[in-house]
Each structure stands twice: as C-alpha cells, then as structure tokens.
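# Examination of the molecular architecture
Residues per chain, in single letters:
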Amino acid sequence: MDKNTIERLRKRASQHFLDSIAVKQEAEKVLPESVAVGVLAMVECLRAGGKVMACGNGGSAADAQHFAAELIGRFERERQELAAIALTTDTSILTAVGNDYSYDEVFSKQVRGLGKSGDILLGISTSGNSKNVVRAIEVAKKMGIKIIALTGNGGGKIASLLDKNDIHLCAPSTRTARIQETHLVLLHSLCDGVDHILLD
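Residues numbered from 1 in each chain as written. Predicted model: local features only at pLDDT ≥ 70, side-chain atom pairs only at ≥ 80, totals over all residues. Heavy atoms only, no water.

Below, the discussion takes up the nonpolar core. In this structure, Met42, Phe67 and Leu122 are the most contacted members of the largest nonpolar core, which totals 31 residues. Listed by contribution, the elements that provide at least two residues to this core are α2 (32-47), β1 (52-55), α3 (59-72), β2 (84-86), β3 (120-124), β4 (146-151), β5 (167-170) and α8 (176-199). Ignoring anything within four residues of it in the chain, the contact list for Phe67 reads Met42, Val52, Leu122, Leu187, Leu190 and Cys191. The next biggest cluster of nonpolar side chains, apart from the first, holds 21 residues, and it includes Leu121, Ile137, Val139 and Ile145. (Core = buried A, V, L, I, M, F, W, Y, C linked by side-chain atoms within 4.5 Å. Buried < 20%, exposed > 50% of the residue type's maximum accessible area, 1.4 Å probe, protein only. Helix = DSSP H or I, 4+ residues; strand = E, 2+ residues; numbered from the N terminus. Contact = heavy atoms within 4.5 Å.)

Now the structure itself:
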C-alpha cells in the first residue's frame, strides 16, 4: 500500500468534510425561516387533501424520490401516509414525453395531468437552470400550485420565476456536491417539521 497515496486521499476526504460543514453552517444562518414557511405550506396543502409533487434530474431526481418516500412511508416516526409523488420515476411517461415532445416537458406534462390548485411542486435543481424543472414551475404557477424550490448557485433562472407566495431554499454554494449535500439536510428538515406539526 502506497503511504503517500493514502495520505493524499485522506487529505482530500478530510477537505470534503470540512467544505460540506462550512456550506451547511452558512446555510443555517439564512435558510431555517424559509424551511419553517415551507413546512407550514406543506402541512396546509396535505391537510386540505392536496399533494406534493417532486422533480429534478440526476442526483436531484434521487432526492425527489427520497423525499416522496419519506412522506408516503415515514421519516423518523410512525404516522399516516402523506400524499407525495416523484415525477421522476415513470419511465414510460419520461421516455414517451421525451421522445414525442421534448425532454424539457417531461415534468410539466405530468404537472398538468396530475396537479391541481392547492398542490405543491417541489422543484430541485442544483444550478437553478434545469429546463424541465423551470418548465414545470412555469406550468405549476399558472395552475395555482405553490412552489418550493431547492437550488444553489444563486438560484439561476428558477429564482427569477418565484414570488412572495413561493419558497426558495438556495444552498449557498456553487459546487454541485456541496449543494446536493445541503439539499438533503433541507429535505430532512422539511420532513421533520411536517412530522412535528402533525404529531406533537
């Protein structure tokens, strides 16, 4: 075993931890109030019989699915199932819409078909510029669907689409890995807040 290589990799791994901690500490200064507003919006939506639709690409698609699973199943405590759907999971819809229309429309057409006024769209984009998430947000807003947007990199195009009725959780980083790590904390904070309101 090459000790120099091990030491070099150890230092790189250590730096990842330190960088991730630094971004999360910065996020803690600016995002908790918006998380609280997002929690209350979700609880109001769910209590009124609405649902949360989640979408994103790549790692953000995995986050969307993770989030929906936490609501349908459970986060840390047993409770009733909560209405959530990840728009990233139906391969027939994704490939049909991508092939017959455009990949930019793979989420927006599902929002049109499944969404209704009073629902919430959780749009996840590390850059804030994912065209299919942008399009889904544009469609949702026309339908009276509230937006919770998880972004990074200053918010990108998505930031310009949001208004005072929407919730913007922008991770304070330009690095995709750090943004994704912060998004996971934000999603868990939303789940915890919903459980707190419903169960405590």
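On to a nonpolar patch on the surface, then. On the surface, Phe17, Leu18 and Ile21 cluster together to form a nonpolar patch covering roughly 330 Å² of accessible area. Mapped onto the fold, Leu18 is located in helix α1 (residues 3-30). For Leu18, a relative accessible area of 48% translates into the label partly exposed. (Patch = residues over 30% accessible without salt bridge, like charges linked within 9 Å, V, L, I, M, F, W, Y side chains within 5 Å. Areas by Shrake-Rupley, 256 points an atom, 1.4 Å probe, with all protein chains shown as cover. Salt bridge = Lys/Arg side-chain N within 4 Å of Asp/Glu carboxyl O.)

Strands sit in the order β2-β1-β3-β4-β5 across an open sheet of 5 strands; the sheet is parallel. Every other strand in the sheet has two partners, leaving β2 and β5 as the edge strands with one partner each. Along the sheet, successive strands turn relative to each other by an average axial angle of 15 degrees, direction set aside. α2 contacts β1, β3, β4 and β5 of the sheet and is inclined by roughly 135 degrees relative to β5. In the packing of α3 onto the sheet, contacts are made with β1, β2 and β3, and the angle to β2 comes to roughly 160 degrees. (Pairing = 2+ DSSP bridges. Axes fitted to C-alpha atoms, helices over the stretch in contact; angles between N-to-C directions.)

The next subject is the packing of aromatic side chains. The full count for this structure, using the stated rule, is 0 aromatic pairs. Over the aromatic face of Tyr101 sits the side chain of Lys109, whose NZ or CZ is 4.3 Å from the ring centroid. (Phe/Tyr/Trp six-rings, centres within 6.5 Å; stacked < 30°, edge-to-face > 60°. Lys NZ or Arg CZ within 6 Å of the ring centre and 35° of its normal.)

Turning next to the pairing of β5. Here 4 bridges tie β4 to β5, and the two strands are oriented parallel to one another. For Ala149, the partnering residue across the bridge sits in β5 and is His168. You can see the chain leave β4, run along helix α7 (residues 156-161) and come back into β5, and the turn it takes is right-handed. (Right-handed = clockwise from strand over helix to strand, strands pointing away.)

The next point concerns unusual backbone geometry. One non-glycine residue with positive phi stands out, namely Asn153, at about 55 degrees. Of note, Asn153 is situated in the loop between β4 and α7. Given a relative accessible area of 38%, Asn153 falls into the partly exposed group.

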